[in-house]
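Structural overview
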Amino acid sequence: MIETFSTMLASPLMQRALIVAILVGISAPVVGTYLVQRGMALMGDGIGHISLTGVAVGWLAAGALGLSPNDVLAIPGAIIASLIGAILIEVVRAQGRTGGDVALAMLFYGGIAGGVLLIRLAGGTTTNLTSYLFGSIATVSAADVRYTIALAAVILVIGVGLRGPLFALSHDEEFAKACGLPVRTLNILVAVVAALTVSVSMRVVGVLLVSAIMIVPVAVAQLLSTSFTKTMYISQTIGVVACLTGLIITYHVPASPGATIVMLLIGLYAIVAVTNLTLGSFRRRKRASAAAAEPCSREGSSEQNLVAGRNHG
């Protein structure tokens, strides 16, 4: 393991990949904790679709400005599109109308369709979108690392620093409103942080799998803890370990880092869930056996007392 890390750290490419993987593993589950608590686990997936249009717009802008390489503005474009999409999603959600889910579906599908069309106009092909769809940590540049560091810092400051108000909002929005919290502002803030998380995670797992790195570590942590704060910290630990493990595996095996990380997380969830079920079943049988033995024990004691009473008489 030490030799593997030493070899990886000797490569500038892998140095950048490790930094991005660690930052994604730490920051993504923070936002996922709030989304799971609010029952909005698929919000990251929707924002990811919209961000693809931003990637294509970034290509168009770079071409119009004569910048090189063509994707130099792809991540900034994705950030802007994600922010706009997240705010639109929150506005539609806040309306609470019956057609809200239809509007969101059109927004999501329009995002990915717009990305495919615009990338053609920018002189690229759908192949150029593959790294953004599925993640390509091997193409992480120094600029991507700077974006990731800045965005991860913002996510952690908001997600951890405002943990109290955001937990109140996620647990019971009406209660948060009664407490005088700025509910609308906090809702927008959660949406914005989710958008930033999608932009951060895009290079590691891609927009199609971005929800997994946000949600699955939280799902595993919930099986291990009932505390909101502990769940957040455990999910961050799981996220970092999964990202690093996936990166190390794909360093030796020609596989997609994003897909590998997601499968590791899903496998971990399955192991923890089965273990919990097994332990729970064992405890229930143990309690049932103890409960069944207790009447017999009492009956035996009563008979002994009766015999002792007769002998004494």
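Quantities reported herein were computed from a predicted structural model and do not represent experimental measurements. (Residues numbered from 1 in each chain as written. Predicted model: local features only at pLDDT ≥ 70, side-chain atom pairs only at ≥ 80, totals over all residues. Heavy atoms only, no water.)

**Let's talk about the pattern of salt bridges**
- Evaluated as defined, the whole model comprises one salt bridge.
- Of the charged contacts in the structure, one is a salt bridge between arginine 38 and glutamate 173, with a shortest N-O distance of 3.6 Å. With a gap of 135 residues between them, arginine 38 in the loop between α2 (12-37) and α3 (43-65) and glutamate 173 in helix α9 (residues 173-178) connect regions that are remote in the sequence.
- The buried category is assigned to arginine 38, whose relative accessible area is 15%. (Salt bridge = Lys/Arg side-chain N within 4 Å of Asp/Glu carboxyl O. Helix = DSSP H or I, 4+ residues; strand = E, 2+ residues; numbered from the N terminus. Buried < 20%, exposed > 50% of the residue type's maximum accessible area, 1.4 Å probe, protein only.)

**Quick word on the packing of aromatic side chains**
- Inspection of the entire model under this criterion finds two aromatic pairs.
- Consider the rings of tyrosine 34 and phenylalanine 228, whose centres lie 5.6 Å apart with planes at 45°: the pair is tilted. Taken together, the residues tyrosine 34 in helix α2 and phenylalanine 228 in helix α12 (residues 228-252) connect sequence positions 194 residues apart. The burial state of tyrosine 34 is the same as that of phenylalanine 228; both residues are buried.
- These aromatic residues form a ring-pair network of at least three members: Tyr34, Phe167 and Phe228. (Phe/Tyr/Trp six-rings, centres within 6.5 Å; stacked < 30°, edge-to-face > 60°.)

**Some details on the packing of α2 against helix α11 (residues 210-224)**
- Here α2 crosses α11 at 70°, and the two axes come no closer than 7 Å. In terms of orientation, α2 and α11 fall into the roughly perpendicular class. Facing α2, whose interface residues are Val24, Ala28, Pro29, Val31, Gly32, Thr33, Leu35 and Val36, α11 presents Ile213, Met214, Ile215, Pro217, Val218 and Gln222.
- Residues that form the contact of α2 with α11 fall into these classes: eleven nonpolar, three polar and no charged. (Axes fitted to C-alpha atoms, helices over the stretch in contact; angles between N-to-C directions. Parallel < 35°, antiparallel > 145°, perpendicular 65-115°, else oblique. Contact = heavy atoms within 4.5 Å. Nonpolar A, V, L, I, M, F, W, Y, C, P; charged D, E, K, R; others polar.)

**Focus: the nonpolar core**
- Residues Leu35, Ile47, Val55, Tyr132, Ile213, Met214 and Leu247 are the most contacted members of the largest nonpolar core, which totals 75 residues.
- At 13 residues, the largest contribution of residues to this core is made by helix α10 (residues 183-205).
- Setting aside anything within four residues of it in sequence, one finds isoleucine 47 in contact with Ser82, Ala86, Ile89, Ala191, Ala194, Ala195 and Val198. (Core = buried A, V, L, I, M, F, W, Y, C linked by side-chain atoms within 4.5 Å.)

**What to know about a positive patch on the surface**
- A cluster of basic residues, Arg283, Arg284, Arg285 and Arg287, forms a positive patch on the protein surface.
- Positionally, arginine 287 belongs in helix α13 (residues 257-312).
- The class of arginine 287 is exposed, set by a relative accessible area of 53%. (Patch = residues over 30% accessible without salt bridge, like charges linked within 9 Å, V, L, I, M, F, W, Y side chains within 5 Å. Areas by Shrake-Rupley, 256 points an atom, 1.4 Å probe, with all protein chains shown as cover. Lys, Arg positive; Asp, Glu negative; His and termini not counted. Charge placed at Lys NZ, Arg CZ, Asp CG, Glu CD.)

**Points about the confidence of the model for the protein chain**
- On average, residues of the protein chain carry a pLDDT of 81, and 88% of them reach 70 or more.
- Model confidence for the protein chain, summarised as mean pLDDT per element, is weakest for helix α1 (residues 2-9) at 69 and strongest for α11 at 90. (pLDDT = per-residue confidence, 0-100.)

**What about the side chain of serine 199?**
- Here serine 199 is to be found in helix α10.
- A relative accessible area of 5% places serine 199 in the buried class.
- Those residues within four positions of serine 199 in sequence are excluded, and the remaining contacts are Ala78, Ile79, Ser82 and Leu151.

**Thoughts on a nonpolar patch on the surface**
- On the surface, Leu65, Leu67 and Val72 cluster together to form a nonpolar patch covering roughly 250 Å² of accessible area.
- With respect to the helices, strands and loops of the structure, valine 72 is situated in the loop between α3 and α4 (74-95).

**A few points about the packing of α2 against helix α7 (residues 142-161)**
- Look at α2 against α7: their axes get within 9 Å of each other, and the N-to-C directions meet at 30°. Classified by the interaxial angle, the pair formed by α2 and α7 is roughly parallel. Helix-helix and strand crossings are classified by hand; for α2 and α7 the assignment is left-handed. Residue-level contacts link Arg16, Ile19, Val20, Leu23, Ile26, Ser27, Val30, Val31 and Tyr34 of α2 to Ala142, Val145, Thr148, Ile149, Ala152, Ile155, Leu156, Gly159 and Val160 of α7. (Left-handed = near helix turned anticlockwise from the far one by under 90°.)

**Some thoughts on the side chain of serine 51**
- On the secondary structure map, serine 51 appears in helix α3.
- A residue is classified by how much of its surface remains accessible, and serine 51, at 0% relative accessible area, is buried.
- A polar contact of 2.6 Å, which involves the side chain of serine 51, links it to the backbone oxygen of glycine 48.
- Contacts of serine 51, omitting those with residues within four sequence positions, involve Ala78, Ala81, Ser82, Val198, Met202 and Val207. (Polar contact = N/O pair within 3.5 Å; in protein donor to acceptor, adjacent residues only side chain to side chain.)

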